[in-house]
Amino acid sequence: MVAETDDLDRIDRRILDALRTDGRLSMAALADRVGLSKSPVTARVRRLEAAGFILGYRAVLDPVKLGAAQVAFVQVTLDDTTSEALETFNTAVRGTKEIEACHMIAGGFDYLLKIRTRDVGAYRKALGETISRLPHITHTSTFMAMETVKET
Amino acid sequence: MDDGPREISRDDRELLDRLHDSGPLTLGQLAEMVGRPAPPEGAGAVRNTLSKWAGTSREADANRARRLERNGSILGYRAVLAPNRNELDQIAFVQVALRAMNAETLGAFRDAVRAIREVEACHMTAGDFNYLLQVRTKTIPEFRALLTDRIASLPGVARTATIIAMETVKEA
């Protein structure tokens, strides 16, 4: 069973792994995958949800159909990396729709952002109007994705 | 038939946008949005829900979601896991430069990269490197082993540069 601490056992990890790729697996299918029967698996999933390991569920949409097929990666440098500045920046990132992903990184810059827009022109606009206006940004460097080889 | 963005009706777009913009939902809320019962319920609930919705305004939503699933606009559903709390939380980005960019090399690289489970994403990029990989492992030592054992020996690789993620602020 899931402990109150952040300890996950092997079965919890297998559950999370399965749900990461298919959130709407029925409990029966998930139980099959994990090698337990339905009741304990259902109980574990509820616990993982209650404990906040699983934040919720969402639909996976085809970005091409959504008109957001152009991916760009932006390396971003901040002028201030105190906790307050990072929190302000993080909050702004979470509220920006075009930013699909954002990671704080160790390297020559501070954050790597993944941006989705309709096309390159739309990205150019997003860069000037939205991304460069994020709090504390002092420098950006973009490289465009030309093709998606894998995306899970 | 290929549905480009132009061929999506306004109502389809509205549902897709709603699905895209909602943060993580409970299974019940997600099921509501796409007109299905949540998985824990049994086959009887499917019939009940669909029959409840037949003849109501929700029937259109349910049919719309079914159609969007069939035409691939909705690829599926997944759990949203808390970043930084699950064990497979070490993300590293690897920039890869290939020795050549001809079709054969690209094809071999592509096939091989797709077979590496830890590689969550791979994009061909413009710039100093040809590909950007997103790799997820439990720890940095595990990543380090993967880098030498599998990534550096991918077909056609000339050089790599690794960027270690310290924290995930937002992910799809």
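These numbers were taken from a predicted model, which means no experiment stands behind them.

**Q** Looking at this structure, how should I read the overall build of chain B?
**A** Looking only at helices and strands, chain B features six helices and five strands. Walking chain B from its N terminus toward its C terminus, one meets helices and strands in the order α-α-α-α-β-β-α-β-β-α-β. Sorting the 172 residues of chain B into buried and exposed places 28% on the buried side. Long-range pairs, those at least 24 residues apart, make up 65% of the contacts in chain B with a sequence separation of at least 6.

**Q** Explain the overall build of chain A to me, please; I cannot follow it from the model alone.
**A** Tallying secondary structure elements over chain A gives five helices and five strands in all. Shown N-terminal to C-terminal, the secondary structure of chain A runs as helices and strands in the order α-α-α-β-β-α-β-β-α-β. A globule of 152 residues ought to have a C-alpha radius of gyration of about 15 Å, yet chain A, at 19 Å, is considerably larger. Overall, chain A is about 55 × 40 × 25 Å in size when its C-alpha atoms are taken along their principal axes. Burial statistics for chain A: of 152 residues in total, 34% are counted as buried.

**Q** What is the right way to look at helix α2 (residues 27–34) of chain B in this model?
**A** Helical periodicity: at 3.6 residues per turn, an α-helix aligns residues three or four positions apart in one direction. Among the residues making up α2(B), those that are buried are B:Leu27, B:Leu30 and B:Ala31. Buried residues of α2(B), viewed axially, fall in a sector of 100 degrees; they line one side. Residues of α2(B) that are buried sit in contact with β1 (54–61) of chain A together with β1 (74–81) of chain B. Backbone geometry just after α2(B) places B:Gly35 at a positive phi near 70 degrees.

**Q** Sorry if this is basic, but what is going on with the domain arrangement of chain A here?
**A** One frequently used descriptor of interface size is the decrease in accessible area upon assembly of the parts. Domain parsing of chain A yields domain 1 (1–59) and domain 2 (70–144). Summarising the inter-unit geometry, the C-alpha centres of domain 1 of chain A and domain 2 of chain A are found 32 Å apart.

**Q** I tried to follow the environment of A:Thr148 on my own but got confused; where do I start?
**A** Residue placement: A:Thr148 occurs in strand β5 (residues 137–151). Separated by 79 residues in sequence, A:Thr148 and A:Ala69 have C-alpha atoms that sit 9.4 Å apart. Sequence-distant contacts of A:Thr148, that is, excluding residues within four places in its chain, are made with A:Val71 and B:His123.

**Q** Could you clarify how one ought to interpret the interface of chain B and chain A in this entry?
**A** With 55 residues of chain B at the contact, the number on the chain A side is 53 residues. Counting only elements with at least two residues in the side of chain B that touches chain A, the list comes to α1 (10–21), α2, β1, β2 (90–98), α5 (103–114), β3 (119–125) and β5 (157–170) of chain B. Residues that form the side of chain B that touches chain A fall into these classes: 33 nonpolar, twelve polar and ten charged. Note that β5(A) and β3(B) share five bridges and pair antiparallel. Following the sheet pairing, A:Thr148 is matched in β3(B) by B:His123.

**Q** Please explain the nonpolar core as it appears in this structure.
**A** In a soluble, globular protein the nonpolar side chains are often hidden away together inside. Counting residues in each nonpolar core, the largest one holds 42 residues, and the members touching the most others are A:Ala72, A:Phe73, A:Val74, A:Leu113, A:Ile115, B:Leu133 and B:Val135. Counting residues per element, this core draws most heavily on strand β2 (residues 70–78) of chain A, at six residues. Apart from residues lying up to four places away in sequence, A:Val74 is in contact with A:Leu113, A:Ile115, A:Ile131, A:Thr140, A:Ser141 and A:Thr142. Counting 29 residues, the second-largest nonpolar core is a separate cluster that includes A:Ile15, A:Phe53, B:Leu27 and B:Leu81.

**Q** Help me understand the pairing of strand β4 (residues 111–117) of chain A, please; the structure alone is not making it clear to me.
**A** Two faces belong to every sheet, and in a regular strand the side chains alternate between them. Residue and element names in this part refer to chain A. Most of β4 sits out of view: seven of its seven residues are buried. With burial as the criterion, each face of β4 is covered, one bearing Tyr111, Leu113, Ile115 and Thr117 and the other bearing Leu112, Lys114 and Arg116. Across seven bridges, β2 lies against β4 in antiparallel orientation. When the bridges of β4 are listed, Val76 appears paired with Tyr111.

**Q** Would you mind going over the packing of helix α1 (residues 10–21) of chain A against helix α3 (residues 38–50) of chain A with me for this structure?
**A** Each pair of packed helices can be summarised by the angle the axes make with each other and by the distance between the axes. Residues and elements named next belong to chain A. It is at 11 Å that the axes of α1 and α3 come closest, and there the two elements cross at 80 degrees. With respect to their mutual orientation, α1 and α3 come out roughly perpendicular. Residue-level inspection shows Ile11, Asp12, Ile15 and Leu16 of α1 in contact with α3, the latter providing Val41, Arg44, Val45 and Leu48. For the contact of α1 with α3, the class distribution of residues is six nonpolar, no polar and two charged.

Definitions and cut-offs
Residues numbered from 1 in each chain as written. Chains lettered and ligands numbered in written order. Predicted model: local features only at pLDDT ≥ 70, side-chain atom pairs only at ≥ 80, totals over all residues. Helix = DSSP H or I, 4+ residues; strand = E, 2+ residues; numbered from the N terminus. Buried ≥ 20, exposed ≤ 12 C-beta atoms within 10 Å, placed from the backbone. Contact = placed C-beta atoms within 7 Å. Rg over C-alpha atoms; globule rule 2.2 N^0.38 Å. Arc of directions from axis to C-beta. Domains from an automatic or database assignment. Nonpolar A, V, L, I, M, F, W, Y, C, P; charged D, E, K, R; others polar. Pairing = 2+ DSSP bridges. Core = buried A, V, L, I, M, F, W, Y, C linked by C-beta atoms within 7 Å. Axes fitted to C-alpha atoms, helices over the stretch in contact; angles between N-to-C directions. Parallel < 35°, antiparallel > 145°, perpendicular 65-115°, else oblique.

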